[in-house]
Amino acid sequence: SIIVTDEVDLTNKYRVDTDGAITMPYLNRVPVAGLTLAEAQVKIAQMLQAGYLRNPQVRVEVDQFKSRRVFVSGEVRTPGYVTMAGTTMTLLEALALAGSPTQNASNDIKVVHPSKPGEKPNDPITVNRKELELGRADITLQDGDIVNVPVAQRFFISGFVKNTGYYVLDSGTTVSQAIVLAGGLTDRGSDRRIKDLTDRVRKALR
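Attention now moves to the overall build of the protein. On a plain count of helices and strands, the protein comes out with five helices and 13 strands. In terms of overall dimensions, the protein is more spread out than a globule: its C-alpha atoms have a radius of gyration of 28 Å, far above the 17 Å expected for 206 residues. With respect to the three principal axes, the spread of C-alpha positions in the protein is 90 × 35 × 25 Å. Relative to its 206 residues, the protein shows a buried fraction of 29%. Pairs at least 24 apart in sequence give 42% of the contacts found in the protein among residues at least 6 apart. Of the roughly 14,000 Å² of accessible surface on the protein, a fraction of 50% belongs to carbon and sulfur atoms.

Next comes the structure, spelled out in structure tokens:
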């Protein structure tokens, strides 16, 4: 949206074409790609002053952004494309618009920024959902980003714990932490052999 004071023919809304330029009366093609609004105002004013107006007063505003969106897949309630209201969007906002993660969702969310043609694909960025919800790990998304909320890995705990059953397995979860998730030991439970069990599991995985 370009407003030139007292110039009805120039005051109008102009679409930025794919080559980054707009078409204005008198000036024809005006490249504006990469300019801030203030820089665009100065450029247009200078071009008008160069041969058409003595002291042009120009104001440039963004009337409507090009449609930008990110794709949210996996364990969210409404997977699909999410439209960005502005030029950027946070990961937390995208998840909220996608209906938030389901109860089967992993705490490790993957974000992939699109690579340029000819470049190798970017490695995914992993964001912990708990840290995200606490405001410690939010990131800014860009047009074309892909967000994936995978199915959570789970483990089953039984025996003398207060709440047996399946629980979400976070990376690095220890046996002691698993017992805490299950509500702790019952009166008949014992943690004396936990260290020995953990050592044996580590050896078996080597």
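All right, on to the side chain of Asp-145 then. Tracing the sequence through the fold places Asp-145 in the loop between β10 (140–141) and β11 (146–149). Buried within the structure, Asp-145 lacks any salt-bridge partner; its nearest side chain of opposite charge belongs to Arg-68, at an N-O separation of 11 Å. Among residues more than four places away in sequence, those in contact with Asp-145 are Arg-69, Val-70, Phe-71, Val-111, Val-112, His-113 and Pro-114.

For the rest of this paragraph, the subject is the sheet that holds strand β6 (residues 80–84). The five strands are arranged β6-β5-β11-β8-β9 in an open sheet whose pairing can be described as mixed. At either end of the open sheet lies a strand with only one pairing partner, and these are β6 and β9 (125–128). Neighbour-to-neighbour, the strand axes of this sheet turn through a mean angle of 25°, independent of strand direction. Here four bridges tie strand β8 (residues 108–112) to β9, and the two strands are oriented antiparallel to one another. Residue pairing across strands places Ile-109 opposite Val-127, the latter belonging to β9.

Our next topic: the pattern of salt bridges. Overall, the coordinates contain six salt bridges when judged by the stated rule. When the shortest N-O distance is used, the salt bridge between Asp-63 and Lys-13 registers 3.3 Å. Placement of Asp-63 in the loop between β4 (58–60) and β5 (68–74) and of Lys-13 in the loop between β1 (2–4) and β2 (21–24) is noted, with a sequence separation of 50 residues between them. Of the residues examined, Asp-63 reaches a relative accessible area of 47% and is grouped as partly exposed. Of the charged contacts in the structure, one is a salt bridge between Arg-59 and Glu-61, with a shortest N-O distance of 3.0 Å. Its relative accessible area of 42% is what places Arg-59 among the partly exposed residues. On the basis of relative accessible area, Glu-61 is assigned to the partly exposed category, the value being 38%.

This part covers the nonpolar core. Nonpolar side chains in soluble globular proteins tend to be buried together. Ranked by size, the top nonpolar core spans 18 residues in total, and within it Val-70, Val-72, Leu-91, Leu-95, Ile-109, Leu-141 and Val-147 carry the most contacts. Within the residue set of this core, elements represented by two or more residues are β5, β6, α2 (91–97), β8 and β11. Among the elements that line this core, the one with the most residues is α2, at three residues. Among all residues touching Val-70, those that are not within four sequence positions of it are Gly-80, Tyr-81, Val-82, Met-84, Met-89, Ala-94, Leu-141, Gln-142 and Asp-145. Core analysis: the next-biggest nonpolar cluster, separate from the first, contains 16 residues, Val-30, Ala-40, Ile-44 and Leu-48 among them.

Reading the values: rules and limits
Here the residue numbering is sequential within each chain, running from 1 through the sequence in written order. Reporting of local features is limited, given that this is a predicted model, to residues whose pLDDT is at least 70; pairs of side-chain atoms are given and counted only at 80 or more, and all residues count toward the totals for whole chains, interfaces and linings. Values reported for side chains reflect all heavy atoms of the structure, with hydrogen atoms and water molecules removed beforehand. Helix numbering and strand numbering both begin at the N terminus, where a helix is a DSSP run of H or I of at least 4 residues and a strand a DSSP run of E of at least 2. Using C-alpha atoms as the atom set, the radius of gyration is obtained and then compared with a globule rule of 2.2 Å times the number of residues to the power 0.38. Each residue is assigned to one of three classes by its accessible area relative to the maximum for its type, calculated with a 1.4 Å probe on protein chains only: buried under 20%, partly exposed between the two thresholds, exposed over 50%. We call two residues contacting when some pair of their heavy atoms lies within 4.5 Å. All accessible-area figures derive from a Shrake-Rupley calculation using a 1.4 Å probe, and residue coverage is judged against the displayed protein chains alone. Positive: Lys, Arg. Negative: Asp, Glu. His and the chain ends are not part of the count. Salt bridges are counted wherever a side-chain nitrogen of Lys or Arg sits within 4 Å of a carboxyl oxygen of Asp or Glu. For two strands to be treated as a pair, DSSP must find at least two bridges joining them. Fitted lines through C-alpha atoms give the axes, limited to the stretch in contact for helices. The angle between two N-to-C directions lies from 0 to 180 degrees. What is meant by a nonpolar core is a set of buried Ala, Val, Leu, Ile, Met, Phe, Trp, Tyr and Cys residues, joined one to another through side-chain atoms within 4.5 Å.

Don't take any of this as a statement about function, it's just geometry.
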